[in-house]
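# Summary of the model geometry
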Amino acid sequence: MTLDAGAYLKRIGYIGSISPTAETLRALQRAHLLAVPFEALDCFLGVPIRLEREALFDKVVTRRRGGFCYELNGLFAELLVALGFTVSRLAARPFTAEGLAPPYAHLALLVELDRRWLADVGFGYFALEPLDIHERSAQIRDGRRFRVTEEGGALAAEELGMRSRWGYRFTLEPHGLEDYLEQCRAYSTDPASGFVRRATVSLAFPDGWVTVTRDQVIGSRGGQRLDRPIKDDADWRRTLRELLDVKVTPEGRVSLGAGQRPRLLNRPSN
């Protein structure tokens, strides 16, 4: 199956150049994060996660769903390759309160142009545009400060100024999707997994971000904090619908509306 890049670009509301340049990469990542939510609803609902390209395209593009890192970055890599970019899948280990997550706990992307870029549309509200892997000083993205540093024989990407460490450690060794299958299966089926328990859904907006889990809402829109607890199942479903345009029926069917999916304004990085 040849990837239908046109349908994918329409799904993320992208209009602009598709030449394989750093400017296009920045615009594509921003468009993706503003249109496709990070969501682990299938993990919560017990729906098997499939990482084959056809299955990912059907879920994200045809059925207008979101997904978690293996799905979103796995498919985004396919789009970038179809547009002429040189892309590698990287294995990353997010920072957690208990230390580093297991190997292959996160899938990020290396895009090689005149410089090497860390692209990521599958880590929730992280950098809206790629990070320069060569740059060691702070990198500003939408007024937020990020940094890529050498650490423990690997590299670390993180947002600066956070109360707890937010980011991940990664290496530049390329991997195939099959390398992530075991950890993906664990995260999506183990009852103790946060993805299974919390059913996280997160989306960036031009004026902020929103994350809804089974027990809380966190985020900010237009400078107004939205943090509050989720009271019960009905509150959870209502909040997903009202804040993220995501509908989950009591029978477990998931649908995403189009009303709050902002189109990209193709503008340069900060």
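Here, every reference points to the structure presented above.
To keep things clear, this report deals only with the structure shown in the data block.

Rules of the game
Residues numbered from 1 in each chain as written. Predicted model: local features only at pLDDT ≥ 70, side-chain atom pairs only at ≥ 80, totals over all residues. Heavy atoms only, no water. Helix = DSSP H or I, 4+ residues; strand = E, 2+ residues; numbered from the N terminus. 1 Å grid on protein atoms, 1.4 Å probe; cavity = no way out; pocket = protein on both sides within 12 Å on 5 of 7 lines; lining within 4 Å. Points joined across faces, edges and corners; volume = space filled by probe spheres on them. Expected span 1.5 Å × (residues − 1). Buried < 20%, exposed > 50% of the residue type's maximum accessible area, 1.4 Å probe, protein only. Polar contact = N/O pair within 3.5 Å; in protein donor to acceptor, adjacent residues only side chain to side chain. Contact = heavy atoms within 4.5 Å. Axes fitted to C-alpha atoms, helices over the stretch in contact; angles between N-to-C directions. Left-handed = near helix turned anticlockwise from the far one by under 90°. Nonpolar A, V, L, I, M, F, W, Y, C, P; charged D, E, K, R; others polar.

Next up on the list: unusual backbone geometry. Positive phi, normally seen in glycine, also occurs at Ala199, with a value near 50 degrees. Despite not being glycine, Asp245 has its phi angle at roughly 60 degrees, a positive value. Along the polypeptide, Asp245 turns up in the loop between helix H8 (233–244) and strand E16 (246–248).

Our next topic: empty space enclosed by the protein. All told, the structure shown has one cavity of 30 Å³ or more when counted by the stated rule. Every residue along the wall of the largest cavity is listed here: Leu33, Val36, Phe38, Val121, Gly124, Tyr125, Leu128, Ser202, Leu203 and Ala204. Residue contributions to the lining of the largest cavity peak at three residues, all from strand E11 (residues 201–205).

In this fold, Gly46 is placed in the loop between helix H3 (41–45) and helix H4 (53–62). Separated by 143 residues in the primary sequence, Gly46 and Thr189 have C-alpha atoms spaced 7.1 Å apart.

Now for helix H5 (residues 69–82). Between the first and last C-alpha of H5 there are 20 Å, a value that for 14 residues agrees with the 20 Å anticipated at 1.5 Å per step. Every buried residue belonging to H5 is among Cys69, Tyr70, Glu71, Leu72, Asn73, Gly74, Leu75, Phe76, Ala77, Leu79 and Leu80, and all of these are buried. Downstream of H5 by one or two residues, Gly84 has phi in the positive range, about 100 degrees.

If you trace the backbone, Thr24 turns up in helix H2 (residues 22–35). A distance of 2.8 Å separates the side chain of Thr24 from the backbone oxygen of Ser19, its partner in a polar contact. For Thr24, the side chain forms a polar contact with the side chain of Thr21, separated by 3.1 Å. Not counting chain neighbours up to four residues away, the residues in contact with Thr24 comprise Tyr14, Ser17, Ile18, Ser19 and Phe85.

To continue, consider H2. In a regular helix each residue adds 1.5 Å, so 14 residues correspond to 20 Å; H2 covers 20 Å between its end C-alpha atoms and thus fits that length. Where burial is concerned, most of H2 is hidden: 13 out of the 14 residues are buried.

For the pair H2 and H5, the least separation of the axes is 12 Å and the interaxial angle reads 145 degrees. Here the hand of the crossing between H2 and H5 comes out right-handed. Between H2 and H5, the residues in contact are Leu25, Leu28, Gln29 and His32 and Leu72, Phe76 and Leu80, respectively. Classifying every residue of the contact of H2 with H5 gives five nonpolar, two polar and no charged.

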